[in-house]
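# Notes for the structure review
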Amino acid sequence: MVADDGVTAGTLLRQAREEAGMHVATLAAILKVPVRKLEALEEDRYDLLSDAVFVRGLASSVCRTLKIDPQPVLERLPQTAQPRLVPEREPINEPFRAPSDGPGPGLLDQVSKPVVLTVAVLLLGALVLVFLPMLQSGYQAVADANRSSDPVMPPPGAAATAPGTPVVVESVPAVPSVPSQPAPGSAPVTGAAAPAPVPAAPTTAAPVAPAAAPAATPAAPVAAPALPAASGPINARGIVVFRTRAQSWVQVTDATGTTVLRKLMEPGESAGASGALPLSVTIGSVEATEVQVRGKPYNLAPVSKDNVARFEVK
């Protein structure tokens, strides 16, 4: 509404704000309203504001802040329109939004909030903790079921007695090779059949003899006689002393980690070691080494494995 003097309400408000030396952004911050609403009010763009009630209330707030008489301003504003009914789709508690405020926050904006993301991560972690053991037990049950459904191969003895198994079928060609030996004896009776078995007999007998010979050969080192035992006192000093009948590797480390003896001893050689107890002893050849601890013979059998002995002297 425009008064008789031609000055609008927005012009009065703008002149009052400029006379007070206040920027429109400062006034908007004081009133806690968007700057574009104050600009629309000063430009008399009432179509950018919600309704006449809001326009008059905002103008009154501006007048109180600028400490001017609101009556001339309110006279130039549009009169209050008839109250409109609020549609059912707009709840009473719905926040006020002017048409010029733009669209409200979408679902993506709400989901991207830190609080929502934190809650989602916690829920996902709880689901993993609950269902992961169940999935693992299910996979284990399926694996057990698959293993139980696999065919079990019969032992060799059972396969030989079962007439219908494939193992018996494979062993049938080997059986006719047995009667091939008496064939030479019956050669005068069956002259045509004699030549076929004769080559088979040497063929089966030839591999058997070489196979038995290597089997007997490795047995010789197992039963080899032990090295001759040394006699007499050990010509060495120390808490632990060694004497070798053949080459043997010896290492002694004291409690501080210092290696007090590390040597490849030759046959008939003696050596001794001392240091901070306990002493960690390693012998590379038990059969070729004689040990004395504090002048007494030490039995290496309980502490040896694969001809290597390891023990401590405390």
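Look up: the structure comes first, before these words.
Presented here is an overview of the structure given in this document. Think of each chain on its own: its residues are numbered from 1, step by step along the sequence as written. Confidence filtering applies because this is a predicted model: local features only for residues at pLDDT of at least 70, side-chain atom pairs given and counted only at 80 or more, and all residues used for totals across whole chains, interfaces and linings. Only heavy atoms go into the side-chain values, all of them from the structure, while hydrogens and water stay out.

## Observations concerning the pairing of strand 1 (residues 240-244)
Rules: Here's how the labels work: a residue is buried when its accessible area is under 20% of the maximum for its type, exposed when over 50%, partly exposed in between, all with a 1.4 Å probe on protein chains only. Helix and strand definitions here come from DSSP, where helices need a minimum of 4 consecutive H or I residues and strands a minimum of 2 consecutive E residues; each element is numbered from the N-terminal end. Here the rule is simple: two strands pair whenever DSSP picks up at least two bridges between them.
A large share of strand 1 lies buried, amounting to 5 of its 5 residues. Of the strand pairs in this sheet, strand 1 and strand 4 (residues 270-273) are connected by 4 bridges, and their pairing is antiparallel. When the bridges of strand 4 are listed, Val 241 appears paired with Gly 272. Pairing of strand 1 with strand 6 (residues 289-293), which is carried by 5 bridges, proceeds in the antiparallel orientation. Within strand 6, the residue paired with Arg 243 across the bridge is Glu 290.

## Quick notes on the nonpolar core
Inclusion rule: Take the buried residues of types Ala, Val, Leu, Ile, Met, Phe, Trp, Tyr and Cys, join any two whose side-chain atoms come within 4.5 Å, and each joined set is a nonpolar core. What makes two residues a contact is simply this: any of their non-hydrogen atoms within 4.5 Å.
Within the largest apolar cluster, 21 residues are counted, with the highest numbers of intra-cluster contacts made by Leu 13, Leu 31, Leu 38, Leu 41, Val 62, Val 73 and Leu 77. If you list the elements that add at least two residues to this core, you get helix 1 (9-19), helix 2 (24-31), helix 3 (35-42), helix 4 (52-66) and helix 5 (71-75). Tallying contributions element by element places helix 4 first for this core, with 6 residues. Among residues more than four places away in sequence, those in contact with Leu 13 are Leu 41, Glu 42, Ala 59, Val 62, Cys 63, Leu 66, Ile 68 and Val 73. Listed in part, the 18 residues of the second largest apolar core include Met 265, Ala 271, Val 281 and Phe 311.

## A word on the sheet that holds strand 5 (residues 279-283)
Pairing is antiparallel across the open sheet formed by 5 strands, whose spatial order is 3-2-5-9-8. In the strand order of this sheet, the two ends are held by strand 3 (259-265) and strand 8 (304-305), each with one partner. Pairing analysis gives 5 bridges linking strand 5 to strand 9 (residues 308-313), with the strands arranged antiparallel. By the bridge assignment for strand 9, Thr 282 is matched with Arg 310.

## Thoughts on the packing of aromatic side chains
What characterises a pair of aromatic rings is the spacing of the ring centres plus the angle enclosed by the ring planes. So the rule is basically this: Aromatic contacts are taken between Phe, Tyr and Trp rings whose centres are within 6.5 Å, Trp giving its six-membered ring; a plane angle under 30 degrees counts as stacked, one over 60 as edge-to-face, and the others as tilted.
Within the structure shown, the criterion is met by 1 aromatic pair. Seen from their ring centres, Tyr 298 and Phe 311 are 4.5 Å apart, and the 25 degrees between their planes marks the pair as stacked. Here Phe 311 lies in strand 9 and Tyr 298 lies in the loop between strand 7 (296-297) and strand 8, a separation of 13 residues in the sequence. With a relative accessible area of 7%, Phe 311 lands in the buried category.

By themselves these figures say nothing about function.
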